Structure formats: structure tokens, C-alpha cells
Amino acid sequence: MKGARKLYVKSFGCQMNVYDSQRMADTLAPEGYVETATAEDADLIVLNTCHIREKAAEKVYSELGRLRRLKEAAAADGRSLLVAVAGCVAQAEGDEIVRRAPAVDLVVGSQNYHRLPDLVAHAARGGRVVDTDFALDDKFDHLAAPSRAATRARGVTAFVTVQEGCDKFCAFCVVPYTRGAESSRPAEKIVTEVERLADAGVREVTLIGQNVNAYHGVGANGRPWRLARLLERLAGMPGIERLRYTTSHPLDMDDDLVAAHRDLPALMPQLHLPVQSGSDRVLAAMNRRHSRADYLDVVARLREARPDLALTSDFIVGFPGETENDFAATLTLVEEVGYAGAFSFKYSPRPGTPGADMSRQLQEAEKSDRLRRLQRVIDQEQAKFSRACVGRTLSVLFERPGRHRGQIVGRSPYLQPVQIQAPPSLIGEIADVTITEVASNSLFGALASSLSSPCKGEVGERGEPGGGLTPPRTAVGGLTLPLPGREKIAGAGA
Ligand code: SAM
Ligand code: SF4
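Residues numbered from 1 in each chain as written. Chains lettered and ligands numbered in written order. Predicted model: local features only at pLDDT ≥ 70, side-chain atom pairs only at ≥ 80, totals over all residues. Heavy atoms only, no water.

S.K.: What should I look at first to understand the overall build of the protein in this one?
M.R.: For the protein, the helix and strand inventory stands at 16 helices and 21 strands. In the protein, buried positions account for 57% of the 494 residues. Across the protein, the fraction of contacts at a sequence separation of at least 24, relative to all contacts at a separation of at least 6, is 73%. A total of about 20,000 Å² of accessible surface is found on the protein, and carbon and sulfur atoms cover 51% of it. (Helix = DSSP H or I, 4+ residues; strand = E, 2+ residues; numbered from the N terminus. Buried < 20%, exposed > 50% of the residue type's maximum accessible area, 1.4 Å probe, protein only. Contact = heavy atoms within 4.5 Å. Areas by Shrake-Rupley, 256 points an atom, 1.4 Å probe, with all protein chains shown as cover.)

So this is what it looks like as C-alpha cells:
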């Protein structure tokens with residue numbers, strides 16, 4: 001390893017970017033780059049960007065303005081600081097970034113991260129680089145695997161990209177343009193990656209892809225495996241107790257995948273299944289290629305297979321031409337499905353997508369009004385779902401210490417945060433928790449085996465009446481899913 005330099009990676013947007021950011025850090029580690037938590041002491045800063053909505057892209061430019069000042073301060077101290085832009089803004093805007101943001105030394109598209117060591121070396125010699133070609137070689141063959149120590153430091157849950165790109169071309173979406181055509185990683189490479197994660201102590205793996213259930217990678221037998229087959233293979237792996245996958249398209253929910261929810265105990269009873277709108281007219285204009293009835297049929301098949309399945313979704317309000325009647329259909333769909341939570345966004349016209357050129361674009365005020373009304377209904381459904389957990393005993397995988405002394409936080413099978421008073425030695429373990437209270441959609445409870453005593457004593461020390469089960473005021477809010485923007489579920493769309 002070469003002399004240590006500090007790397008600061010900031011991820012915007014979805015969980016695919018979180019995964020890519022980790023792979024970039026792993027690939028730069030042999031070059032001597034060690035991750036730091038602050039931009040101020042970094043030698044190299046990578047912004048891993050999101051282009052999905054206009055606000056997401058604009059956030060990157062305002063961050064670059066701040067980095068310009070940081071770069072000037074570093075130069076005044078006699079230090080050099082390199083700034084790189086990666087991800088979907090890099091892919092979509094390429095040279096334009098270098099033109100608009102003089103602080104940027106290097107722009108790298110999402111298919112080219114394996115070239116980062118060479119690109120950084122070039123930039124360090126004073127050349128500005130833009131590399132946004134869709135590489136012919138598979139980046140996954142060249143990206144370094146994380147060390148065991150790096151994996152352990154990242155915790156007991158992990159994302160694994162199994163599929164990238166999308167061929168669906170929804171009329172609002174930039175993904176097919178920024179991430180390219182759909183492609184799936186070979187199953188055996190995914191199996192090897194998950195084995196390494198399990199060996200380093202990871203207990204829960206979420207398979208990710210822009211359209212993850214379109215997965216069709218080459219299987220061990222040389223024939224294509226669909227997602228259900230891959231999940232079945234991983235479900236038997238020692239150490240891996242929990243599996244999830246995201247994000248899915250309703251059309252790709254095949255019978256085998258539905259059956260996997262019935263047959264694989266490791267597959268958690270929670271699914272993010274975006275629908276976008278409850279109106280057939282809008283779904284057609286969006287080129288979603290499914291109707292409201294098709295979606296409800298998929299939901300019914302899934303619930304037959306796994307009756308306690310918690311469903312979450314994405315919604316867009318104010319797509320061009322959406323009438324009050326169309327919007328009302330979205331509201332009734334939310335109630336009909338009974339979601340455990342949902343992301344909701346105002347439609348944001350993205351240059352180059354068909355939606356941006358459609359007539360009858362809605363006014364911002366109208367979109368904001370519909371978003372508020374939709375979120376009210378989503379919040380009610382989510383609260384109903386959370387309240388129904390009170391009194392139940394749920395298995396929880398503990399992930400990290402809580403914000404309060406003596407508290408640890410984990411996830412229920414339905415991906416809700418669960419907070420209890422218990423020793424940190426339980427982190428990494430799965431234990432039964434009896435849920436006693438819900439606040440801001442976080443669940444609070446106590447270990448089922450120790451409900452009768454210890455937790456209360458510890459909480460008494462914080463002086464809170466009612467013992468350990470009183471939710472702290474600063475409780476982690478919302479059912480945070482590993483989803484775009486990490487916005488609060490039902491949070492304001494960009
Ligand atoms: N592949 C997923 C699917 O089939 O729905 C979604 C991927 S996209 C990265 C995440 C979410 O961002 C979408 O489900 C949609 O709700 C939202 N989104 C995408 N483009 C948008 C736009 N132009 N305006 C507002 N929201 C958008
Ligand atoms: Fe975008 Fe998802 Fe539609 Fe693909 S399926 S175009 S990623 S919204």
C-alpha cells in the first residue's frame with residue numbers, strides 16, 4: 001500500500017450509489033486512500049451524484065460551490081485537494097460539469113469506477129479528466145472487493161448490486177439514459193461476494209438493482225437464473241439469516257418470485273413495489289405498461305403467498321395531464337393496498353425524457369397541494385401498520401447503538417426501526433422483541449425473554465417516567481428504507 005491519503009466520499013440518491021461509493025473506496029484503498037468522515041481533511045473528495053429529479057442534480061452544484069472554497073483554503077495551506085464527480089449527474093452532464101464547476105478535476109460515469117486509480121493519477125498531474133463512456137469491459141470484474149475489516153466496519157447489513165440499468169423507459173425517468181441498458185451480474189460472482197460478506201459477519205443482504213426483479217444473470221448451470229433462483233441459492237448460505245431485494249417493477253414479479261415469498265423463510269416479509277399512480281390514464285401516459293388492476297393482481301398473489309407481507313411504494317403526483325380524478329384514483333389505491341409506507345414525489349421534468357416534452361404540465365402549486373394530500377393518506381396507512389405491531393413479538397436484527405445511553409437499534413422483518421434498552425453485545429444478533437409502543441413510526445419494546453425486568457431499571461436512570469419503554473423525544477423518525485434520497489418515508493418529494 002502506498003503512503004496514506006484521505007478520501008471523502010459523499011453519496012447522493014439511492015442505495016445503488018451507496019454500494020458504488022463503497023466499491024470506489026475499496027478500489028482506491030490499494031492506492032493508499034483511507035476513508036475520512038469529513039471533507040475538511042480530505043486529499044480527494046468524490047461526490048457520487050443523483051440525477052433523478054431536478055433538485056437532486058442542483059444539490060450537487062451547490063455542494064461543488066462549497067468545495068471550491070474548501071479547495072482554495074487547502075491551496076492557501078499548501079495542500080492539494082482533488083475533487084471528483086461520479087454517478088448519474090456525471091454520466092448525464094459530463095463536460096458541462098467541468099465548465100460550470102471549476103473546482104472539479106475529474107468526472108467519472110457510473111460504468112467506469114474501476115478506472116478511478118488511473119483517472120485520479122492523471123488528475124493529480126494537473127490534467128482535468130472526463131470519462132463517461134459506457135465501458136465495454138464489466139466494471140464488476142475490476143472493482144476491488146472490500147477487506148474483511150472494511151466490511152466489518154460497515155456493519156451487519158449490506159447491499160449487493162446484482163443488476164444495473166433499465167429497459168422499461170418510463171416516460172418520467174432518466175435511469176435508462178444515465179445507467180444504460182439492463183444487465184445482470186453472473187450468479188456465481190454474486191454468490192462469492194455474499195460468501196465474503198457472511199464470512200465477515202454480515203447477517204442481512206439486500207440485493208439491489210434499478211429494476212432488480214428483471215434479474216437474468218448466468219447461473220451455475222450456464223443457463224440464465226431469474227431472481228427467485230438466486231434468492232433460493234443465497235437463502236441456504238450459512239451466516240446469512242435475512243434477504244431482501246429492491247427495487248422491483250410489477251411486471252417482472254413472476255410466479256417463482258411470488259412463490260419465493262412463501263417458501264424462503266430468509267426472505268423478509270417486506271417488499272418495495274413502486275406503482276407511481278392509481279389512474280390507468282396516467283399509468284399509460286407514464287408508459288408503465290401495467291394497469292391499476294394488474295398491480296392489484298400482483299399484490300393479491302403476493303399476499304396469498306405471504307399474508308403478512310408489508311408493502312411500500314413510490315408515487316409521483318402531477319405527471320403531465322393528471323386530473324383531479326386521476327389523483328383521486330391514486331388516493332383510493334393507497335387505501336385499497338394498505339401500504340406500510342411510501343415515498344412520494346412531485347413530478348420533475350427531466351430533459352431528454354418523453355414526459356418533459358408533454359403538453360399540460362401542471363403548476364408547482366397544484367403539485368405541492370396534491371403531494372400534501374397524498375402524504376396525509378400515506379401517513380395514516382403507515383401509522384395503522386405500525387400500531388398493529390404493538391403487542392406482537394417480532395424478530396429484530398440489531399444493527400447499532402441508539403442515540404440514548406443503553407439503547408440499541410435494529411430492524412423488524414418489515415424493516416421498521418426497533419429500539420430497546422439492551423447491552424451493545426447484542427449488536428449483530430437476532431432476538432425476539434415484544435413491541436410495546438410506537439412513536440414516529442419507530443417501534444419500542446423489550447427483549448421477549450426479559451420483558452419482566454431489566455430494561456425498566458436502566459431507563460429509570462434517564463429519569464423518564466414509565467420506564468424503558470417510553471420513546472425518547474428524538475426518536476429516529478419514519479420507516480427509512482434504503483431508497484432514493486433516503487427521504488423520510490412519505491417525505492416531501494424533491
Ligand atoms: N425502478 C423503480 C420503478 O420501477 O419504479 C424506480 C427507480 S427511480 C430511481 C425511484 C423513484 O423516483 C421512482 O419510483 C419514481 O417514483 C421517482 N422518480 C423517478 N423519476 C422522477 C421524476 N422525473 N419526477 C419525480 N419522481 C421521479
Ligand atoms: Fe425508471 Fe424504474 Fe421505470 Fe426503469 S422501471 S424507467 S428505473 S422508473
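Here the narrative resumes.
S.K.: Looking at this model, I keep getting lost on the site of ligand 1. Mind explaining?
M.R.: If you check the shell around ligand 1, you find 17 residues, and the closest are Phe-172, Gln-210, Gln-276, Asp-314 and Ser-348. In isolation ligand 1 offers 560 Å² of accessible surface; the protein chains occlude 93% of this area. Of all the elements in the fold, those that place two or more residues in the shell around ligand 1 are strand E15 (310–317) and strand E16 (341–346). When grouped by side-chain class, the residues that make up the shell around ligand 1 number seven nonpolar, five polar and five charged. (Near = heavy atom within 4 Å. Nonpolar A, V, L, I, M, F, W, Y, C, P; charged D, E, K, R; others polar.)

S.K.: It is not clear to me how the nonpolar core should be interpreted in this structure. Could you clarify?
M.R.: In globular proteins that are soluble, nonpolar side chains generally tend to be buried together. If you look at the biggest cluster of nonpolar residues, it comprises 54 residues, and the most contacted ones within it are Leu-207, Leu-230 and Tyr-245. Considering every element that reaches this core, the biggest residue donor is helix H9 (residues 187–199), with six residues. Residues within four places of Leu-207 in sequence aside, it is in contact with Val-160, Val-162, Val-212, Leu-227, Leu-230, Leu-231, Leu-234, Arg-244, Tyr-245 and Thr-246. Grouped together as the second largest cluster of nonpolar side chains are 27 residues, Leu-119, Val-129, Phe-159 and Ile-208 included. (Core = buried A, V, L, I, M, F, W, Y, C linked by side-chain atoms within 4.5 Å.)

S.K.: How should the site of ligand 2 be read in this particular structure?
M.R.: Taken together, Cys-166, Lys-168, Phe-169, Cys-170, Phe-172, Cys-173, Val-175, Pro-176, His-249 and Arg-288 make up all the residues around ligand 2. Looking at side-chain class alone, the shell around ligand 2 contains seven nonpolar, one polar and two charged residues.

S.K.: Looking at this structure, I do not really get unusual backbone geometry. What am I missing?
M.R.: Negative phi is the rule for most residues except glycine; trans is the rule for most peptide bonds. Backbone torsion omega between Thr-246 and Thr-247 reads 5°, so that peptide bond is classified as cis. The backbone of Arg-289 shows a phi angle near 65°, a positive value even though the residue is not glycine. The phi torsion at Leu-415 lies on the positive side, around 75°, for a residue other than glycine. Among the residues examined, Leu-415 registers a relative accessible area of 6% and is labelled buried.

S.K.: Sorry, what's going on with the pairing of strand E4 (residues 82–86) here?
M.R.: Remember that side chains alternate between the two faces of the sheet whenever the strand is regular. Judged by how many residues are buried, E4 sits mostly within the fold: five of five residues are covered. Pairing between strand E3 (residues 44–49) and E4: five bridges, direction parallel. Across the sheet, Asn-48 pairs through a bridge with Ala-86, a residue of E4. With helix H2 (residues 54–76) bridging E3 and the parallel E4, this β-α-β connection has right-handed handedness. (Pairing = 2+ DSSP bridges. Right-handed = clockwise from strand over helix to strand, strands pointing away.)

S.K.: Help me understand the side chain of Arg-370, please; the structure alone is not making it clear to me.
M.R.: Position of Arg-370 among the secondary structure elements: in helix H15 (residues 364–387). Under the relative-accessibility criterion, Arg-370 is labelled buried at 3%. Every residue in contact with Arg-370, bar those within four places of it in the chain, is listed here: Val-317, Glu-322, Thr-323, Glu-324, Phe-327 and Leu-362.

S.K.: Can you walk me through the pairing of strand E20 (residues 430–439) in this structure?
M.R.: Pairing between strand E17 (residues 393–401) and E20: five bridges, direction antiparallel. For Thr-393, the partnering residue across the bridge sits in E20 and is Thr-434. When E20 meets strand E21 (residues 442–447), the two strands line up antiparallel, connected through six bridges. When the sheet's bridge partners are listed, Val-433 is paired in E21 with Leu-447. Hairpin geometry of E20 and E21 is characterised by an intervening segment of two residues between the two adjacent antiparallel strands and by a positive phi of about 50° at Ser-440.

S.K.: Help me out: how do you make sense of the sheet that holds strand E10 (residues 204–208) in this one?
M.R.: An order of E7-E10-E13 is seen for the three strands of this open sheet, with the pairing classed as parallel. Looking along the sheet, the strands with just one partner apiece sit at the ends: strand E7 (157–161) and strand E13 (242–246). Each adjacent strand pair in this sheet contributes to an overall mean axis angle of 25°, direction not counted. The pairing of E7 with E10 spans five bridges and is parallel. Bridging across to E10, Phe-159 finds its partner in Thr-206. Where helix H1 (residues 15–28) meets the sheet, its contacts fall on E7, E10 and E13, and the angle it forms with E7 comes to roughly 95°. (Axes fitted to C-alpha atoms, helices over the stretch in contact; angles between N-to-C directions.)

S.K.: Help me understand the sheet that holds E16 in this model?
M.R.: Strand order in this open sheet of three strands is E14-E15-E16, and the pairing throughout is parallel. Looking at which strands have only one partner, the edges of the open sheet turn out to be strand E14 (270–272) and E16. Taking the axes of each pair of neighbouring strands and ignoring which way they run, one obtains an average angle of 10° across the sheet. In this structure, E14 lies alongside E15, joined through three bridges in parallel fashion. Within E15, the position partnered with His-272 by the bridge is Thr-312. The sheet contacts of H15 involve E15 and E16, and relative to E16 the element is tilted by about 175°.

S.K.: Looking at this structure, how should I read the environment of Ala-293?
M.R.: With respect to the helices and strands, Ala-293 occurs in helix H13 (residues 292–305). Separated by 15 residues in sequence, Ala-293 and Gly-278 have C-alpha atoms that sit 9.4 Å apart.

S.K.: Looking at this structure, I do not really get the environment of Glu-381. What am I missing?
M.R.: Here Glu-381 lies in helix H15. What makes Glu-381 buried here is its relative accessible area of 7%. Sequence separation between Glu-381 and Glu-336 is 45 residues, and the spatial gap between their C-alpha atoms is 10.0 Å. Every residue in contact with Glu-381, bar those within four places of it in the chain, is listed here: Val-334, Glu-335, Gly-338 and Tyr-339.

S.K.: Would you explain the pattern of salt bridges in this entry?
M.R.: Once the charged atoms of two side chains with opposite charge are near each other, the side chains can pair. Under the counting rule described, the total for this entry stands at 36 salt bridges. Note that Asp-326 is salt-bridged to Arg-281, the shortest N-O span being 2.7 Å. Of this pair, Asp-326 sits in helix H14 (residues 324–337) while Arg-281 sits in helix H12 (residues 280–285); the two residues are 45 residues apart in sequence, bridging distant segments of the chain. In the salt-bridge network here, residues are joined through shared partners; they are Arg-23, Asp-26, Glu-35, Arg-154, Arg-185 and Glu-193. (Salt bridge = Lys/Arg side-chain N within 4 Å of Asp/Glu carboxyl O.)

S.K.: Honestly, the packing of H13 against H14 in this entry has me stumped. Any pointers?
M.R.: A packed helix pair is summarised by two numbers, namely the angle formed by the two axes and the spacing between the axes. At a minimum axis separation of 12 Å, H13 and H14 run at an interaxial angle of 10°. With respect to H14, the element H13 is oriented roughly parallel. Residue-level inspection shows Arg-292, Tyr-295, Leu-296, Val-299 and Arg-303 of H13 in contact with H14, the latter providing Ala-329, Thr-332, Leu-333, Glu-336 and Val-337. Of the residues contributing to the contact of H13 with H14, the split by class is six nonpolar, one polar and three charged. (Parallel < 35°, antiparallel > 145°, perpendicular 65-115°, else oblique.)

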